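# A look at the structure
Residue-level listing of the chains:
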Amino acid sequence: MATKTLQYNFIQQEVRPNTIADVKVDASFRRIPKNAICFHVWKIDEDRLEAEPKSQYGTFLDDCAYIIYAAAPVGSYVNQDTITREVKPSVNLERFIHFWLGEKVSEQKRSNVAHKIQELDSYFSNVAVEYRETQNNESARFLSYFKRGLTIKCGLLVTSSDPNRLYQVYGRKWLRCIEMKSIAWEHFGADYVMLLATANHFYVWIGRSSSSIERRNAIDLANKWQTDPSKITIVDDGYEQSMPDKCKNEWNTFLPLSQRAVCQNSPAIEKPICNKLKIYKCCYRNNRLHLDQLDVVIPTREDFSDSTTAYVLDGFSQGVWLWVGSQATQQDKTSAMGNGRAFVKKKKYPYSTPVIRVIEGHEPSEFIRLFPSWHSESNDMHMKPISTILGKFDSMTLCQRPKMAAETQLIDDGTGERKIYRITKDQVIEMPTTKAVYFNTHNAYVIQYTVVSWSMNPNDSESVGIKHIIYQWNGSEASADITSKAEKFATNLFESINSKSIYIQMGEYDETPHFLQMFEGKLIILLSEKDIPIIQSNNNNNTIITNGHEEKDTLILKVYGDSTYNAKAVEVYPLVSMSSKECYVVKSQHVWVWCGQSSTGDARELAKNVGALLGESSLALEGKEPKEFWRSVTNLMNQSLILNGLNQSHNSLNTSNGGSSSMGSPSPINSNGSVTGNTQYLTSPSTKTPRFQAQLFAVWTLRNKFFCEEILGYDQTDLSPECAYILDAGIISYVWLGKNVSTYEKDKYLSMAQNYLETVPIARRPTTAIGVIRQQDEPNVFKGFFDNWNTNLWNSYVNYEQTRQILSKGSPSLTNGNGVAPLNGENGKLPPSILNNQKDFDRHQKYPIAILQQEIDLLPEEINPLKREVHLTHDDFVSLFNMSFYQFDELPAWKKQELKKKHKLF
């Protein structure tokens, strides 16, 4: 099975292979109760271990190393505000040990922290999950401890008596405030908010490309550090000359405007995307450690077959996991982190690559979800139980129990009014209301659905959250033109409804439970255009089926599912295999419903219902098929081959795919239409379907690049109205759009969702369902993933513009001209930045005058030679043209051209 072998030496400076017998546990660790929910932080200062006071949690020195210990019941989370409390020994606790390394930390401190984590790990019997964290590359779990953000102070300035400081602030979800070693323009970037704290004043410099949530959080931080609003001034990127004279004079003493230089493309931390994982088994040969790569495509838990050794799971620069078997030696457990670091060096991965050690039986959720088929008792403990009353639900129950709605992904019972539109290359056709619904795999369909529960009392309507659902279903063979046309039609419907609605896009094979529930098992998906019947309803509401083209003699449908929310019938041609667990409907001269001997009673009932839609039907049970059945289906299957298949069914177990054949997968057929291979019954034991833990990500785009950051232990307060998020529920990924989200993210929500599906660590199908939700229009299937959803949470939310306006009332000299309405500039006029923003002036990258006056072939690539002036800062624009861009843009074209020629910008 092994295909490649690596060998390497330990990294001595970070982990020394002490045995547990040699480890003496520090007194600070021994004070922690072994059976307690708690959160602790220690700092490594030279050779000493110092416990950090709670008031300092979240503040780090960049030349120090820190140890964080967190313990919580399985599936729960702790943070910096957690109060230590002991629990009974029977409570199963998850234990996590993180060691954090500042970017200026010395080798001696790295070595010391390695010794200390061995002591702490041994104190808790070597079962804790260990994380190696580095500054600016912290794991999602580490960041979840500090919801108020991280403050990184410069170790060189700790003993300095100079009160003046410069801080770099950034982070959409996890705010990072980094103290700079000097006050200089070189630290400024258009993506950052900068805080300049002097002895007398506090300046908040707003980078042009920073997000509104970063600006808001930076102002909140300034208010926390400087409680007198009259001593806070907001300075806008490119508008520094507009500061009041007193403030500008002080600013110039620290940051001379004559030397102004702002980086337009601040270096963003990008993690290379890789959805492929590799597994290596650790083996000792000739007293040397070797790594044997396992020949697997998609890793599974079964690949960790040897509990006496360790395995390396290589996620490339996204992280290297060390899985250590429960029967492995203590030496293997204590040396695992060192081996992981050696592996990172051998592979020449970045120094900041995360390294995580897990022990068998104590795997965290972050590790388990890397394996779609992971089955274990510990996994079950992470998951909430699936409701066992499905099939007996109603709309009222789903209204009152949002967690059930989220678990089942059923908004209501599916009986609401629906309008179905068939999207073809040439037209959009509204389909008639019928019992059976026929889809064509070459087309796309849009359904406008009215939620049943909306007609109930106001409290139930508020619980359900929405009135309409716009569904878009794309057939697997639909062309790009058709799907694009369907998307445009669906989004127009979604935007026209404007409130109390959601939009869900999905592909064939990825239908959501509620989508299928609408059809109650009567959705039939056909393979070709000519097979679509014309369906009419007579006065007795009976369904009559005729063909719009030539009559097709035969039709074979595979019936999926055993309940109305997971059932559909799909045409299969040619039929290459059959399973004893499956049901089929065959239409030839007669309609037959064939049911495998291992199929459930519910599945058989659904199959009989489908058969009834095609005409008068007869039941044929596996092994008891009448002669008429074989004569009727002779062109679709051969009786002798099926009998052979029955005899070979047990031998087919090893090669079956779980007893499920692919829908409509092509295979060779004879000229008479019969199958050219053995049609077999594939009987396989039932397998347990794994539950998927919902994950929440903050998502955004910056210079056309997609970024996402996971939020572990999330709750409703983690959703900010100024951001966009993706809640990944497995079968569907919801995009949540805050009311104050940027225009780009509001318009490109589908692109962000597709980018997410492409970059998620576990490779996902591009056709996975995507749901789009607006703030305050959250459905029960979304709210149920959050504990104690509060509909009124954001009623008093203060966004960036409002925060700035409130702050400005405390001081007339607060801002430098970039106020917000209703604040006005001089003589009642709007400030220049507000006017400029109406022209999108500040959205363009800015360059010095000298660069913009160069010859065309020397200009940066993104500059349009005919529009050089938009790349000036406001201050530079005024210095050249003696007017703002807004005023300039109002001039006649000939005048603007004349002025640009005069200043060598044409």
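Treat the numbers as computed from the prediction; the structure is a model and nothing was measured. (Residues numbered from 1 in each chain as written. Predicted model: local features only at pLDDT ≥ 70, side-chain atom pairs only at ≥ 80, totals over all residues. Heavy atoms only, no water.)

## What to know about the overall build of the chain
The number of helices and strands found in the chain is 25 helices and 40 strands. With 906 residues in all, the chain has 55% of them scored as buried. The long-range share in the chain, meaning contacts at least 24 apart out of those at least 6 apart in sequence, stands at 69%. Just so you have it, the chain exposes about 40500 Å², and 48% of that area is on carbon and sulfur atoms. (Helix = DSSP H or I, 4+ residues; strand = E, 2+ residues; numbered from the N terminus. Buried < 20%, exposed > 50% of the residue type's maximum accessible area, 1.4 Å probe, protein only. Contact = heavy atoms within 4.5 Å. Areas by Shrake-Rupley, 256 points an atom, 1.4 Å probe, with all protein chains shown as cover.)

## Focus on the confidence of the model for the chain
Residues at a pLDDT of 70 or more form 81% of the chain, whose mean pLDDT is 83. Between residues 9-21, whose pLDDT stays under 50, and residues either more than four places distant or in other chains, the model counts 40 contacts. Every residue in residues 817-828 scores below 50 in pLDDT, and together they form 24 contacts with partners more than four places removed in sequence or on other chains. (pLDDT = per-residue confidence, 0-100.)

## A few points about unusual backbone geometry
Even without being glycine, Asn 126 reaches a positive phi, approximately 55 degrees. Note that Asn 126 resides in the loop between helix 2 (107-123) and strand 8 (129-134). Positioned with a positive phi, Lys 348 is a non-glycine residue whose angle comes to about 60 degrees. Counting through the fold element by element, Lys 348 comes out in the loop between helix 6 (330-347) and strand 19 (355-359). Judged by its relative accessible area of 76%, Lys 348 is exposed.

## Some details on the nonpolar core
With 111 residues, the main nonpolar core has Trp 251, Phe 439 and Phe 515 as its most contacted residues. Within the second largest apolar cluster, 38 residues are counted, among which are Phe 29, Ile 32, Ala 310 and Met 337. (Core = buried A, V, L, I, M, F, W, Y, C linked by side-chain atoms within 4.5 Å.)

## As for the pairing of strand 39 (residues 732-737)
For strand 39, the tally of buried residues reaches 6 of 6 residues, placing the bulk of the element in the interior. Because side chains alternate across strand 39, one face comprises the buried residues Ile 732, Tyr 734 and Trp 736, and the other comprises Ser 733, Val 735 and Leu 737, equally buried. With antiparallel pairing between neighbouring strands as the criterion, strand 38 (residues 724-728) and strand 39 make up a hairpin whose turn holds 3 residues, including Gly 730 at a positive phi of roughly 90 degrees. (Pairing = 2+ DSSP bridges.)

## Topic: the environment of Ser 365
Turning to its location among the elements, Ser 365 is positioned in helix 7 (residues 365-368). Given the relative accessible area of 3%, Ser 365 is considered buried. For the pair Ser 365 and Val 74, spaced 291 residues apart in the sequence, the C-alpha separation amounts to 9.4 Å.

## Brief notes about the sheet that holds strand 24 (residues 468-474)
If you walk across this open sheet you meet the 10 strands as 21-20-23-24-25-40-39-38-36-37, and the pairing is mixed. A strand with exactly one partner marks an edge of an open sheet, and here the two such strands are strand 21 (428-430) and strand 37 (705-711). Strand-to-strand twist of the sheet, defined as the mean angle between neighbouring strand axes without regard to direction, takes the value 20 degrees. Taken strand by strand, helix 12 (residues 480-497) contacts strand 20 (418-423), strand 21, strand 23 (444-450), strand 24, strand 25 (501-507) and strand 40 (769-774), and its axis lies near 175 degrees from that of strand 24. (Axes fitted to C-alpha atoms, helices over the stretch in contact; angles between N-to-C directions.)

## Considerations on the environment of Glu 250
Checked against the element boundaries, Glu 250 lands in helix 5 (residues 245-254). For the pair Glu 250 and Asn 200, spaced 50 residues apart in the sequence, the C-alpha separation amounts to 9.4 Å. Discounting chain neighbours no more than four positions away, the residues touching Glu 250 are Thr 198, Asn 200, His 201 and Tyr 203. Of note is the side chain of Glu 250, whose polar atom sits 2.6 Å from the side chain of Tyr 203. (Polar contact = N/O pair within 3.5 Å; in protein donor to acceptor, adjacent residues only side chain to side chain.)

## Considering helix 2
Because each turn of an α-helix spans 3.6 residues, side chains separated by three or four positions in sequence point in the same direction. Taking 1.5 Å per residue as the helical rise, helix 2 with its 17 residues ought to reach 24 Å, and the 25 Å between its terminal C-alpha atoms agrees with that figure. For helix 2, the tally of buried residues reaches 14 of 17 residues, placing the bulk of the element in the interior. (Expected span 1.5 Å × (residues − 1).)

## Some words on the packing of aromatic side chains
Overall, the coordinates contain 62 aromatic pairs when judged by the stated rule. Aromatic pair Phe 304 and Phe 367: ring centres 6.0 Å apart, planes at 50 degrees, arrangement tilted. On the criterion of sequence distance, the pair formed by Phe 304 in the loop between strand 16 (288-294) and strand 17 (310-314) and Phe 367 in helix 7 is long-range, its members being 63 residues apart. In this pair, the class of Phe 304 matches that of Phe 367, namely buried. When the ring of Phe 841 is compared with that of Phe 885, the centres are 4.8 Å apart and the planes differ by 20 degrees; the resulting orientation is stacked. (Phe/Tyr/Trp six-rings, centres within 6.5 Å; stacked < 30°, edge-to-face > 60°.)

## Some details on the sheet that holds strand 14 (residues 232-236)
Sheets are built from strands paired through backbone hydrogen bonds, the pairs being either parallel or antiparallel. If you walk across this open sheet you meet the 7 strands as 4-9-11-10-12-13-14, and the pairing is mixed. Both edges of this open sheet fall to strand 4 (59-61) and strand 14, since each of them pairs with a single strand only. On average, adjacent strands in this sheet sit at an angle of 20 degrees to one another, irrespective of strand direction. Bridge analysis of strand 4 against strand 9 (residues 150-153) gives 3 bridges, and the strand direction is parallel. Its bridge partner being in strand 9, Phe 60 is matched across the sheet by Ile 152. The sheet strands contacting helix 5 are strand 12 (193-197), strand 13 (202-206) and strand 14, and the helix crosses strand 13 at an angle near 80 degrees.

## Structural notes on the state of the cysteines
Taken as a whole and assessed by the stated rule, the structure comprises 0 disulfides. Cys 595 carries a free sulfur, and the closest cysteine sulfur to it, the one in Cys 583, is 3.7 Å from it. (Disulfide = S-S within 2.5 Å.)

## Here we look at the pattern of salt bridges
Note on pairing: side chains with opposite charge can pair once their charged atoms come close. Scanning all chains against the criterion turns up 34 salt bridges. Note that Arg 48 and Glu 50 form a salt bridge whose closest N and O atoms lie 3.3 Å from each other. Given the relative accessible area of 43%, Arg 48 is considered partly exposed. Here Glu 50 falls in the partly exposed class, since its relative accessible area comes to 27%. Across the pair Arg 216 and Glu 722 runs a salt bridge, and its minimum N-O distance is 3.9 Å. Note that Arg 216 is positioned in helix 4 (residues 212-225) and Glu 722 in the loop between strand 37 and strand 38, a separation of 506 residues in sequence. Overlapping salt bridges, with partners in common, bring together Lys 147, Lys 173, Asp 715 and Asp 718 in one network. (Salt bridge = Lys/Arg side-chain N within 4 Å of Asp/Glu carboxyl O.)

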